Amino acid sequence: MRSAPERGTAAGGRAPDAGGEPGGGPAGKWWPLAAITLGNFLLLVDVTIVNTALPRIADGLGATFTSLQWVMDIYALALAALLMVAGSAADRYGRRRLYVAGLTLFALASLVCGLAPDAGVLVVARAVQGVGAAAMFATNTPLLMAAYQGRDRGVAFGVWGGTSGAAAAIGPVLGGLLTEYVDWRAIFLVNLPLTAVAVWITGRRVPESHGDPTARIDWPGAASFTACAGALTYGLIRGGEEGWTESGTLAALGGAALALLVFLVVERRAHRPLLDLGLLRRPSFAALMAAALLLQAAAFPYLTFVGLWVQNILGLSPVQAGLAVTPMALMSLLVGALGGRPLQRLAPQLPLGIGLLLVGAGALLEYALLDDGAGWAALVPGLAVSGLGIGAAMPVLVSAALGAAPPQRAGMASGAVNTFRQLGYALGIAVLGTVFADALHGLWPGASRTAVAAAHVAGLSDILLISGAVASAGGVLVLAVVRGHQPETDGRRGRVRDADRGRLGAASGAAQGRAE
(Lines give C-alpha, C1' and ligand atoms only; values in the text may rest on other atoms or scores of the structure.)
Protein backbone atom coordinates (compact mmCIF):
# COMPACT_ATOMS: atom_id res chain seq x y z
CA MET A 1 0.00 0.00 0.00
CA ARG A 2 1.24 3.48 -0.81
CA SER A 3 2.69 5.32 2.16
CA ALA A 4 0.79 8.44 3.16
CA PRO A 5 1.80 11.08 5.67
CA GLU A 6 -0.50 11.60 8.61
CA ARG A 7 -2.02 14.80 7.28
CA GLY A 8 -2.96 12.98 4.11
CA THR A 9 -5.25 10.59 5.93
CA ALA A 10 -7.38 13.15 7.70
CA ALA A 11 -9.96 13.99 5.09
CA GLY A 12 -13.35 12.66 5.91
CA GLY A 13 -12.07 10.92 9.04
CA ARG A 14 -11.25 7.81 7.03
CA ALA A 15 -8.18 5.90 6.05
CA PRO A 16 -7.60 5.59 2.33
CA ASP A 17 -8.75 2.39 0.76
CA ALA A 18 -6.21 -0.31 0.05
CA GLY A 19 -6.31 -3.00 -2.55
CA GLY A 20 -8.08 -6.13 -1.45
CA GLU A 21 -9.41 -4.51 1.71
CA PRO A 22 -11.65 -6.66 3.91
CA GLY A 23 -15.19 -5.39 3.95
CA GLY A 24 -16.46 -2.22 2.36
CA GLY A 25 -19.01 0.54 2.68
CA PRO A 26 -19.40 2.69 5.81
CA ALA A 27 -18.51 -0.16 8.14
CA GLY A 28 -15.19 -0.68 6.35
CA LYS A 29 -13.69 2.45 7.91
CA TRP A 30 -13.57 0.71 11.29
CA TRP A 31 -11.06 -1.95 10.22
CA PRO A 32 -8.06 0.16 11.34
CA LEU A 33 -9.69 0.51 14.76
CA ALA A 34 -10.16 -3.28 14.94
CA ALA A 35 -6.51 -3.96 14.11
CA ILE A 36 -5.09 -1.40 16.53
CA THR A 37 -7.48 -2.25 19.36
CA LEU A 38 -6.72 -5.95 19.04
CA GLY A 39 -2.98 -5.38 19.36
CA ASN A 40 -3.45 -3.01 22.29
CA PHE A 41 -5.73 -5.53 24.02
CA LEU A 42 -3.14 -8.29 23.62
CA LEU A 43 -0.22 -6.31 25.01
CA LEU A 44 -2.23 -5.17 28.05
CA VAL A 45 -3.73 -8.60 28.74
CA ASP A 46 -0.24 -10.09 28.80
CA VAL A 47 0.66 -7.96 31.81
CA THR A 48 -1.98 -9.58 34.02
CA ILE A 49 -2.77 -12.89 32.31
CA VAL A 50 0.33 -14.40 33.93
CA ASN A 51 -0.81 -13.66 37.51
CA THR A 52 -3.12 -16.63 37.97
CA ALA A 53 -0.76 -19.01 36.14
CA LEU A 54 2.29 -18.41 38.37
CA PRO A 55 1.80 -21.42 40.68
CA ARG A 56 1.40 -23.77 37.69
CA ILE A 57 4.45 -22.21 35.99
CA ALA A 58 6.46 -22.79 39.15
CA ASP A 59 5.38 -26.44 39.26
CA GLY A 60 5.87 -27.03 35.54
CA LEU A 61 9.32 -25.46 35.23
CA GLY A 62 10.59 -25.83 38.78
CA ALA A 63 10.85 -22.05 38.93
CA THR A 64 12.03 -20.26 42.06
CA PHE A 65 10.21 -17.28 43.54
CA THR A 66 12.87 -14.96 42.08
CA SER A 67 12.31 -16.46 38.62
CA LEU A 68 8.58 -15.82 38.95
CA GLN A 69 9.34 -12.20 39.84
CA TRP A 70 11.32 -11.85 36.63
CA VAL A 71 8.58 -13.51 34.57
CA MET A 72 6.27 -10.74 35.75
CA ASP A 73 8.79 -7.91 35.88
CA ILE A 74 10.89 -8.21 32.74
CA TYR A 75 7.90 -7.65 30.43
CA ALA A 76 6.91 -4.37 32.09
CA LEU A 77 10.56 -3.34 32.38
CA ALA A 78 11.26 -3.79 28.65
CA LEU A 79 8.01 -2.00 27.83
CA ALA A 80 8.92 0.96 30.05
CA ALA A 81 12.56 1.19 28.94
CA LEU A 82 11.83 1.21 25.21
CA LEU A 83 8.51 3.04 24.97
CA MET A 84 9.90 6.52 24.31
CA VAL A 85 12.54 5.39 21.81
CA ALA A 86 9.92 3.26 20.03
CA GLY A 87 7.80 6.36 19.58
CA SER A 88 10.76 8.21 18.03
CA ALA A 89 11.54 5.29 15.73
CA ALA A 90 7.90 5.12 14.63
CA ASP A 91 7.88 8.80 13.73
CA ARG A 92 10.97 8.37 11.59
CA TYR A 93 10.51 4.97 9.95
CA GLY A 94 6.72 4.72 9.81
CA ARG A 95 4.17 3.95 12.49
CA ARG A 96 2.39 1.14 10.66
CA ARG A 97 5.72 -0.46 9.82
CA LEU A 98 6.83 -0.43 13.44
CA TYR A 99 3.41 -1.63 14.64
CA VAL A 100 3.57 -4.67 12.35
CA ALA A 101 7.17 -5.33 13.43
CA GLY A 102 6.06 -5.15 17.07
CA LEU A 103 3.17 -7.54 16.47
CA THR A 104 5.47 -10.01 14.71
CA LEU A 105 8.10 -9.88 17.44
CA PHE A 106 5.40 -10.20 20.10
CA ALA A 107 4.00 -13.31 18.40
CA LEU A 108 7.40 -14.99 17.98
CA ALA A 109 8.28 -14.30 21.62
CA SER A 110 4.87 -15.66 22.70
CA LEU A 111 5.63 -18.87 20.83
CA VAL A 112 8.95 -19.24 22.65
CA CYS A 113 7.20 -18.50 25.97
CA GLY A 114 4.68 -21.24 25.26
CA LEU A 115 7.41 -23.76 24.43
CA ALA A 116 9.92 -22.68 27.10
CA PRO A 117 11.75 -25.68 28.61
CA ASP A 118 12.89 -23.81 31.70
CA ALA A 119 12.41 -20.57 33.61
CA GLY A 120 15.48 -18.90 32.08
CA VAL A 121 14.15 -19.24 28.54
CA LEU A 122 10.74 -18.02 29.67
CA VAL A 123 12.23 -14.89 31.25
CA VAL A 124 14.25 -14.04 28.13
CA ALA A 125 11.22 -14.59 25.89
CA ARG A 126 9.11 -12.37 28.14
CA ALA A 127 11.73 -9.62 27.72
CA VAL A 128 11.46 -9.92 23.93
CA GLN A 129 7.67 -9.83 24.29
CA GLY A 130 8.08 -6.52 26.10
CA VAL A 131 10.17 -5.13 23.25
CA GLY A 132 7.42 -5.99 20.79
CA ALA A 133 4.80 -4.56 23.14
CA ALA A 134 6.70 -1.26 23.34
CA ALA A 135 6.58 -0.94 19.54
CA MET A 136 2.86 -1.72 19.58
CA PHE A 137 2.01 0.60 22.47
CA ALA A 138 4.02 3.54 21.09
CA THR A 139 2.20 3.43 17.74
CA ASN A 140 -1.40 2.86 18.90
CA THR A 141 -2.41 6.46 19.46
CA PRO A 142 -0.63 7.99 16.44
CA LEU A 143 -2.13 5.38 14.10
CA LEU A 144 -5.63 6.10 15.38
CA MET A 145 -5.02 9.84 15.10
CA ALA A 146 -3.94 9.38 11.48
CA ALA A 147 -6.85 7.09 10.55
CA TYR A 148 -9.75 9.09 12.03
CA GLN A 149 -10.91 12.68 12.36
CA GLY A 150 -13.80 14.52 13.99
CA ARG A 151 -16.58 12.43 15.49
CA ASP A 152 -15.07 9.20 14.16
CA ARG A 153 -11.93 9.91 16.16
CA GLY A 154 -13.93 10.30 19.34
CA VAL A 155 -15.73 7.00 18.71
CA ALA A 156 -12.43 5.28 17.92
CA PHE A 157 -10.73 6.43 21.09
CA GLY A 158 -13.79 5.56 23.16
CA VAL A 159 -13.78 1.98 21.87
CA TRP A 160 -10.01 1.72 22.16
CA GLY A 161 -9.99 3.04 25.73
CA GLY A 162 -12.91 0.82 26.76
CA THR A 163 -11.25 -2.34 25.50
CA SER A 164 -8.03 -1.29 27.22
CA GLY A 165 -9.89 -1.17 30.51
CA ALA A 166 -11.57 -4.49 29.76
CA ALA A 167 -8.15 -6.08 29.28
CA ALA A 168 -7.36 -5.35 32.92
CA ALA A 169 -10.52 -7.12 34.06
CA ILE A 170 -10.28 -10.03 31.64
CA GLY A 171 -6.56 -10.80 32.04
CA PRO A 172 -6.60 -12.70 35.36
CA VAL A 173 -9.83 -14.54 34.53
CA LEU A 174 -8.69 -15.49 31.02
CA GLY A 175 -5.37 -16.64 32.45
CA GLY A 176 -7.21 -18.75 35.00
CA LEU A 177 -9.49 -20.34 32.40
CA LEU A 178 -6.66 -21.25 30.06
CA THR A 179 -4.43 -22.50 32.88
CA GLU A 180 -7.12 -24.61 34.52
CA TYR A 181 -8.79 -26.12 31.45
CA VAL A 182 -5.94 -26.22 28.91
CA ASP A 183 -2.41 -25.58 30.26
CA TRP A 184 -0.42 -22.61 31.50
CA ARG A 185 1.43 -22.53 28.17
CA ALA A 186 -1.86 -21.66 26.46
CA ILE A 187 -1.78 -18.15 27.99
CA PHE A 188 1.07 -17.38 25.59
CA LEU A 189 0.12 -19.56 22.61
CA VAL A 190 -3.32 -17.92 22.37
CA ASN A 191 -1.53 -14.79 21.16
CA LEU A 192 -0.44 -16.44 17.89
CA PRO A 193 -3.72 -16.56 15.96
CA LEU A 194 -4.82 -13.19 17.33
CA THR A 195 -1.61 -11.42 16.33
CA ALA A 196 -1.86 -13.03 12.88
CA VAL A 197 -5.32 -11.49 12.47
CA ALA A 198 -4.03 -8.10 13.64
CA VAL A 199 -1.09 -8.20 11.19
CA TRP A 200 -3.37 -9.19 8.30
CA ILE A 201 -5.85 -6.38 8.91
CA THR A 202 -3.09 -3.85 9.51
CA GLY A 203 -1.38 -4.67 6.24
CA ARG A 204 -4.61 -4.27 4.27
CA ARG A 205 -6.47 -1.44 6.01
CA VAL A 206 -4.24 0.68 8.25
CA PRO A 207 -2.62 3.66 6.48
CA GLU A 208 1.04 4.44 6.98
CA SER A 209 1.92 7.69 8.73
CA HIS A 210 5.08 9.46 9.88
CA GLY A 211 6.05 12.16 12.30
CA ASP A 212 9.32 13.90 11.49
CA PRO A 213 11.22 11.52 9.18
CA THR A 214 14.42 13.56 9.56
CA ALA A 215 14.50 13.36 13.37
CA ARG A 216 17.41 11.52 14.94
CA ILE A 217 16.75 8.87 17.54
CA ASP A 218 18.41 9.50 20.89
CA TRP A 219 20.16 6.14 21.13
CA PRO A 220 22.58 7.18 23.93
CA GLY A 221 19.65 8.38 26.00
CA ALA A 222 17.69 5.21 25.32
CA ALA A 223 20.69 2.99 26.20
CA SER A 224 21.46 4.79 29.46
CA PHE A 225 17.80 4.87 30.54
CA THR A 226 17.42 1.15 29.82
CA ALA A 227 20.63 0.38 31.72
CA CYS A 228 19.45 2.43 34.70
CA ALA A 229 16.01 0.80 34.86
CA GLY A 230 17.39 -2.70 34.36
CA ALA A 231 20.20 -2.38 36.90
CA LEU A 232 17.90 -0.83 39.50
CA THR A 233 15.32 -3.60 39.14
CA TYR A 234 18.00 -6.29 39.25
CA GLY A 235 19.56 -4.70 42.33
CA LEU A 236 16.23 -4.55 44.16
CA ILE A 237 15.41 -8.19 43.41
CA ARG A 238 18.93 -9.41 44.21
CA GLY A 239 19.01 -7.39 47.41
CA GLY A 240 15.93 -9.19 48.68
CA GLU A 241 17.44 -12.55 47.80
CA GLU A 242 21.14 -12.14 48.68
CA GLY A 243 21.17 -9.20 51.08
CA TRP A 244 21.65 -5.45 50.66
CA THR A 245 25.38 -5.46 51.44
CA GLU A 246 26.18 -8.32 49.04
CA SER A 247 28.67 -7.33 46.34
CA GLY A 248 26.36 -8.12 43.39
CA THR A 249 23.57 -6.04 44.92
CA LEU A 250 25.85 -3.08 45.54
CA ALA A 251 27.30 -3.33 42.03
CA ALA A 252 23.84 -3.34 40.46
CA LEU A 253 22.59 -0.37 42.48
CA GLY A 254 25.82 1.52 41.85
CA GLY A 255 25.53 0.77 38.14
CA ALA A 256 21.96 2.11 38.18
CA ALA A 257 23.13 5.36 39.78
CA LEU A 258 25.94 5.72 37.23
CA ALA A 259 23.59 5.02 34.32
CA LEU A 260 21.16 7.63 35.66
CA LEU A 261 23.96 10.19 35.81
CA VAL A 262 24.94 9.37 32.21
CA PHE A 263 21.31 9.70 31.12
CA LEU A 264 21.00 13.15 32.70
CA VAL A 265 24.23 14.34 31.06
CA VAL A 266 23.24 12.93 27.67
CA GLU A 267 19.77 14.45 27.77
CA ARG A 268 21.11 17.88 28.73
CA ARG A 269 23.41 17.89 25.70
CA ALA A 270 21.18 16.19 23.14
CA HIS A 271 19.75 18.36 20.36
CA ARG A 272 16.56 16.28 20.35
CA PRO A 273 16.52 14.45 23.69
CA LEU A 274 14.42 11.45 24.55
CA LEU A 275 13.11 13.42 27.53
CA ASP A 276 13.37 17.19 27.80
CA LEU A 277 14.65 17.61 31.36
CA GLY A 278 13.24 21.12 31.35
CA LEU A 279 9.79 19.56 31.69
CA LEU A 280 10.79 18.14 35.08
CA ARG A 281 11.55 21.65 36.31
CA ARG A 282 7.82 22.33 36.04
CA PRO A 283 6.47 21.35 39.49
CA SER A 284 3.12 20.13 38.17
CA PHE A 285 4.71 17.97 35.46
CA ALA A 286 7.29 16.48 37.83
CA ALA A 287 4.57 15.69 40.39
CA LEU A 288 2.44 14.04 37.70
CA MET A 289 5.35 11.80 36.65
CA ALA A 290 5.79 10.82 40.29
CA ALA A 291 2.04 10.20 40.55
CA ALA A 292 2.11 7.96 37.47
CA LEU A 293 4.92 5.89 38.97
CA LEU A 294 3.40 5.70 42.47
CA LEU A 295 -0.11 4.92 41.24
CA GLN A 296 1.08 2.03 39.11
CA ALA A 297 3.43 0.76 41.83
CA ALA A 298 0.79 0.84 44.56
CA ALA A 299 -2.40 -0.19 42.76
CA PHE A 300 -1.50 -3.30 40.78
CA PRO A 301 1.72 -5.23 41.66
CA TYR A 302 0.39 -6.55 44.97
CA LEU A 303 -2.34 -8.43 43.10
CA THR A 304 0.38 -10.83 41.94
CA PHE A 305 1.04 -11.86 45.55
CA VAL A 306 -2.66 -12.00 46.33
CA GLY A 307 -2.89 -14.56 43.54
CA LEU A 308 -0.13 -16.66 45.10
CA TRP A 309 -1.84 -16.52 48.50
CA VAL A 310 -5.32 -17.49 47.35
CA GLN A 311 -4.01 -20.43 45.31
CA ASN A 312 -1.13 -21.75 47.43
CA ILE A 313 -2.74 -21.21 50.83
CA LEU A 314 -6.51 -20.95 50.36
CA GLY A 315 -6.55 -23.62 47.65
CA LEU A 316 -8.53 -21.64 45.05
CA SER A 317 -8.36 -22.80 41.45
CA PRO A 318 -6.78 -20.51 38.82
CA VAL A 319 -10.23 -19.42 37.64
CA GLN A 320 -11.37 -18.66 41.18
CA ALA A 321 -8.14 -16.76 41.81
CA GLY A 322 -8.82 -14.61 38.76
CA LEU A 323 -12.37 -13.90 39.86
CA ALA A 324 -11.22 -13.03 43.39
CA VAL A 325 -9.45 -9.87 42.24
CA THR A 326 -12.03 -8.67 39.71
CA PRO A 327 -13.89 -6.29 42.10
CA MET A 328 -11.08 -3.77 41.56
CA ALA A 329 -11.21 -3.95 37.78
CA LEU A 330 -14.99 -3.97 37.58
CA MET A 331 -15.35 -0.96 39.87
CA SER A 332 -12.69 0.87 37.88
CA LEU A 333 -14.52 0.18 34.63
CA LEU A 334 -17.83 1.33 36.14
CA VAL A 335 -16.40 4.63 37.36
CA GLY A 336 -14.61 5.19 34.06
CA ALA A 337 -17.76 4.52 32.06
CA LEU A 338 -20.10 6.66 34.16
CA GLY A 339 -17.75 9.42 35.24
CA GLY A 340 -15.37 9.83 32.31
CA ARG A 341 -16.72 13.14 31.00
CA PRO A 342 -17.49 14.73 34.39
CA LEU A 343 -14.01 13.85 35.62
CA GLN A 344 -12.41 15.57 32.62
CA ARG A 345 -14.21 18.81 33.52
CA LEU A 346 -12.62 18.97 36.99
CA ALA A 347 -9.23 20.43 37.82
CA PRO A 348 -6.99 17.39 37.25
CA GLN A 349 -5.46 17.40 40.72
CA LEU A 350 -8.85 16.58 42.24
CA PRO A 351 -9.74 13.24 40.57
CA LEU A 352 -6.09 12.23 40.43
CA GLY A 353 -5.22 13.15 44.01
CA ILE A 354 -8.46 11.84 45.50
CA GLY A 355 -8.17 8.74 43.34
CA LEU A 356 -4.70 8.01 44.73
CA LEU A 357 -6.00 8.53 48.27
CA LEU A 358 -8.80 6.03 47.56
CA VAL A 359 -6.28 3.51 46.21
CA GLY A 360 -4.31 3.94 49.42
CA ALA A 361 -7.44 3.63 51.56
CA GLY A 362 -8.42 0.43 49.76
CA ALA A 363 -5.03 -1.18 50.35
CA LEU A 364 -5.07 -0.14 54.01
CA LEU A 365 -8.60 -1.52 54.39
CA GLU A 366 -7.39 -4.85 53.02
CA TYR A 367 -4.50 -4.70 55.48
CA ALA A 368 -6.91 -4.11 58.37
CA LEU A 369 -9.20 -7.02 57.42
CA LEU A 370 -6.48 -9.56 56.64
CA ASP A 371 -5.47 -12.03 59.34
CA ASP A 372 -4.45 -15.67 59.63
CA GLY A 373 -8.04 -16.87 59.47
CA ALA A 374 -9.21 -14.61 56.64
CA GLY A 375 -10.52 -15.87 53.32
CA TRP A 376 -10.45 -14.18 49.92
CA ALA A 377 -13.68 -12.30 50.67
CA ALA A 378 -11.83 -10.18 53.25
CA LEU A 379 -10.13 -8.39 50.37
CA VAL A 380 -13.29 -7.52 48.44
CA PRO A 381 -14.19 -4.21 50.23
CA GLY A 382 -10.65 -2.89 49.87
CA LEU A 383 -10.40 -3.98 46.24
CA ALA A 384 -13.66 -2.17 45.48
CA VAL A 385 -12.46 1.05 47.14
CA SER A 386 -9.16 0.88 45.25
CA GLY A 387 -11.12 0.33 42.04
CA LEU A 388 -13.01 3.57 42.69
CA GLY A 389 -9.71 5.38 42.98
CA ILE A 390 -8.26 3.83 39.84
CA GLY A 391 -11.38 4.69 37.88
CA ALA A 392 -11.15 8.31 39.02
CA ALA A 393 -7.38 8.75 38.53
CA MET A 394 -6.53 6.90 35.34
CA PRO A 395 -8.78 8.77 32.86
CA VAL A 396 -7.18 12.13 33.72
CA LEU A 397 -3.54 11.14 34.23
CA VAL A 398 -2.25 11.48 30.68
CA SER A 399 -4.39 14.50 29.79
CA ALA A 400 -3.18 16.21 32.99
CA ALA A 401 0.44 15.57 31.98
CA LEU A 402 -0.25 17.04 28.53
CA GLY A 403 -1.84 20.08 30.12
CA ALA A 404 1.27 20.60 32.25
CA ALA A 405 3.59 20.54 29.21
CA PRO A 406 3.92 22.97 26.28
CA PRO A 407 1.82 21.96 23.24
CA GLN A 408 4.95 21.27 21.16
CA ARG A 409 6.03 18.72 23.78
CA ALA A 410 2.71 16.83 23.81
CA GLY A 411 4.13 13.65 22.25
CA MET A 412 7.08 13.62 24.62
CA ALA A 413 4.82 14.22 27.64
CA SER A 414 2.50 11.37 26.64
CA GLY A 415 5.44 9.00 26.16
CA ALA A 416 6.98 10.06 29.46
CA VAL A 417 3.86 9.51 31.55
CA ASN A 418 3.27 6.06 30.05
CA THR A 419 6.94 5.21 30.61
CA PHE A 420 6.72 6.21 34.26
CA ARG A 421 3.57 4.12 34.61
CA GLN A 422 5.21 0.97 33.31
CA LEU A 423 8.37 1.66 35.29
CA GLY A 424 6.25 2.00 38.42
CA TYR A 425 4.76 -1.44 37.81
CA ALA A 426 8.20 -2.99 37.26
CA LEU A 427 9.69 -1.41 40.36
CA GLY A 428 6.58 -2.28 42.37
CA ILE A 429 6.95 -5.97 41.53
CA ALA A 430 10.64 -5.83 42.49
CA VAL A 431 10.19 -4.02 45.81
CA LEU A 432 7.03 -5.80 46.97
CA GLY A 433 8.42 -9.14 45.83
CA THR A 434 11.45 -8.51 48.02
CA VAL A 435 9.19 -7.78 51.00
CA PHE A 436 7.11 -10.90 50.34
CA ALA A 437 10.19 -13.10 49.94
CA ASP A 438 11.65 -11.76 53.19
CA ALA A 439 8.55 -12.95 55.06
CA LEU A 440 8.96 -16.44 53.60
CA HIS A 441 12.72 -16.67 54.25
CA GLY A 442 12.13 -17.33 57.93
CA LEU A 443 10.46 -20.65 57.18
CA TRP A 444 12.49 -23.76 57.90
CA PRO A 445 12.45 -26.88 55.67
CA GLY A 446 9.41 -28.98 56.45
CA ALA A 447 7.55 -26.12 58.14
CA SER A 448 3.92 -26.86 58.96
CA ARG A 449 1.14 -25.67 56.71
CA THR A 450 0.01 -23.32 59.48
CA ALA A 451 3.45 -21.69 59.59
CA VAL A 452 3.55 -21.35 55.81
CA ALA A 453 0.08 -19.78 55.79
CA ALA A 454 1.06 -17.35 58.55
CA ALA A 455 4.19 -16.34 56.62
CA HIS A 456 2.14 -15.67 53.47
CA VAL A 457 -0.32 -13.52 55.44
CA ALA A 458 2.52 -11.64 57.14
CA GLY A 459 4.19 -10.92 53.80
CA LEU A 460 0.93 -9.89 52.15
CA SER A 461 0.09 -7.63 55.11
CA ASP A 462 3.42 -5.85 54.80
CA ILE A 463 2.86 -5.41 51.05
CA LEU A 464 -0.61 -3.96 51.59
CA LEU A 465 0.69 -1.54 54.22
CA ILE A 466 3.45 -0.31 51.91
CA SER A 467 1.09 -0.02 48.94
CA GLY A 468 -1.41 1.96 51.00
CA ALA A 469 1.24 4.33 52.29
CA VAL A 470 2.77 4.88 48.82
CA ALA A 471 -0.59 5.64 47.17
CA SER A 472 -1.60 7.98 50.00
CA ALA A 473 1.71 9.86 49.75
CA GLY A 474 1.16 10.20 46.00
CA GLY A 475 -2.32 11.62 46.58
CA VAL A 476 -1.05 14.23 49.02
CA LEU A 477 1.74 15.18 46.60
CA VAL A 478 -0.68 15.70 43.73
CA LEU A 479 -3.15 17.77 45.75
CA ALA A 480 -0.34 19.94 47.12
CA VAL A 481 1.65 20.54 43.93
CA VAL A 482 -0.38 19.97 40.76
CA ARG A 483 -2.40 22.85 39.40
CA GLY A 484 -5.04 22.70 36.66
CA HIS A 485 -4.17 23.60 33.07
CA GLN A 486 -6.83 24.43 30.53
CA PRO A 487 -6.28 23.81 26.80
CA GLU A 488 -5.92 26.87 24.58
CA THR A 489 -9.10 28.19 23.02
CA ASP A 490 -10.02 30.12 19.93
CA GLY A 491 -10.71 33.64 21.12
CA ARG A 492 -13.52 34.23 18.64
CA ARG A 493 -15.53 31.15 19.44
CA GLY A 494 -14.19 30.11 22.84
CA ARG A 495 -13.82 26.56 21.69
CA VAL A 496 -10.97 24.16 22.14
CA ARG A 497 -8.87 24.08 19.00
CA ASP A 498 -9.08 20.96 16.85
CA ALA A 499 -5.43 20.10 17.46
CA ASP A 500 -5.88 20.30 21.22
CA ARG A 501 -9.14 18.37 21.07
CA GLY A 502 -7.45 15.58 19.20
CA ARG A 503 -4.47 15.64 21.55
CA LEU A 504 -6.63 15.53 24.67
CA GLY A 505 -8.94 12.92 23.17
CA ALA A 506 -5.98 10.70 22.42
CA ALA A 507 -4.64 11.18 25.91
CA SER A 508 -8.01 10.38 27.47
CA GLY A 509 -8.25 7.18 25.50
CA ALA A 510 -4.70 6.19 26.35
CA ALA A 511 -5.23 6.84 30.03
CA GLN A 512 -8.12 4.42 30.24
CA GLY A 513 -5.87 1.49 29.45
CA ARG A 514 -3.77 0.20 32.35
CA ALA A 515 -1.03 -2.21 31.94
CA GLU A 516 -1.32 -3.50 35.12
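For the structure, see preceding data.
We now turn to the structure provided with this report.

Parameters and conventions
Residues numbered from 1 in each chain as written. Predicted model: local features only at pLDDT ≥ 70, side-chain atom pairs only at ≥ 80, totals over all residues. Heavy atoms only, no water. Helix = DSSP H or I, 4+ residues; strand = E, 2+ residues; numbered from the N terminus. Contact = heavy atoms within 4.5 Å. Areas by Shrake-Rupley, 256 points an atom, 1.4 Å probe, with all protein chains shown as cover. Core = buried A, V, L, I, M, F, W, Y, C linked by side-chain atoms within 4.5 Å. Buried < 20%, exposed > 50% of the residue type's maximum accessible area, 1.4 Å probe, protein only. Salt bridge = Lys/Arg side-chain N within 4 Å of Asp/Glu carboxyl O. Axes fitted to C-alpha atoms, helices over the stretch in contact; angles between N-to-C directions. Parallel < 35°, antiparallel > 145°, perpendicular 65-115°, else oblique. Left-handed = near helix turned anticlockwise from the far one by under 90°. Polar contact = N/O pair within 3.5 Å; in protein donor to acceptor, adjacent residues only side chain to side chain. Patch = residues over 30% accessible without salt bridge, like charges linked within 9 Å, V, L, I, M, F, W, Y side chains within 5 Å. Phe/Tyr/Trp six-rings, centres within 6.5 Å; stacked < 30°, edge-to-face > 60°.

Quick word on the overall build of the protein
Helix and strand content of the protein: 19 helices and zero strands. Taking the contacts inside the protein whose residues are at least 6 apart along the sequence as the reference set, 84% of them involve residues at least 24 apart. Carbon and sulfur atoms make up 64% of the accessible area of the protein, which totals about 19,800 Å².

Structural notes on the nonpolar core
Soluble globular proteins tend to pack their nonpolar side chains together in the buried interior. Judged by nonpolar contacts, the single largest core of 141 residues is most densely connected at Val50, Leu122, Phe285 and Tyr302. Broken down by element, this core gets its largest block of residues, 16 residues, from helix α3 (residues 65–93). Among all residues touching Tyr302, those that are not within four sequence positions of it are Met328, Glu366, Leu383, Ser386, Leu432, Leu460, Ile463, Leu464 and Ser467.

Focus on the pattern of salt bridges
Taken as a whole and assessed by the stated rule, the structure comprises four salt bridges. Salt-bridge contacts for Arg95 lead to Asp91; the nearest nitrogen and oxygen are separated by 2.9 Å. Given the relative accessible area of 8%, Arg95 is considered buried. Judged by relative accessible area, Asp91 falls into the partly exposed class, the value being 26%. As a salt-bridge pair, Arg238 and Glu246 come within 2.8 Å of each other at their nearest N and O atoms.

Brief notes about the packing of α3 against helix α4 (residues 95–115)
At a minimum axis distance of 9 Å, the contact between α3 and α4 shows a crossing angle of 150°. Accordingly, the angle class assigned to the pair α3 and α4 is roughly antiparallel. Crossing hand, α3 versus α4: right-handed. Of the residues in α4, those touching α3 at Tyr75, Ala86, Ala89, Ala90, Asp91 and Tyr93 are Arg95, Arg97, Leu98 and Phe106.

Some details on the side chain of Asp46
Along the chain, Asp46 falls in helix α1 (residues 31–48). There is a polar contact of 2.9 Å between the side chain of Asp46 and the side chain of Gln129. Within the structure, the side chain of Asp46 is placed 3.2 Å from the side chain of Asn191, a separation counted as a polar contact. Dropping the residues within four chain positions of it, Asp46 is found in contact with Tyr75, Phe106, Arg126, Gln129, Phe188 and Asn191.

A few points about a nonpolar patch on the surface
Together, Leu258, Leu261, Val262 and Val265 make up an exposed nonpolar region whose accessible area comes to about 340 Å². Mapping Leu258 onto the fold places it in helix α10 (residues 247–269). Overall, Leu258 belongs to the exposed group, its relative accessible area being 55%.

Some remarks on the packing of aromatic side chains
Using the criterion set out here, one finds seven aromatic pairs in the structure. Each ring, one from Trp30 and one from Tyr148, has its centre 5.3 Å from the other, and the planes form 20°; the classification is stacked. With Trp30 in the segment before α1 and Tyr148 in the loop between α5 (119–147) and α6 (150–181), this pair connects stretches of sequence that are 118 residues apart. Owing to a relative accessible area of 26%, Trp30 belongs among the partly exposed residues under this scheme. Judged by centre distance (6.2 Å) and plane angle (40°), the ring pair of Phe65 and Phe305 falls under tilted.

Purely geometric numbers; function is a separate question.
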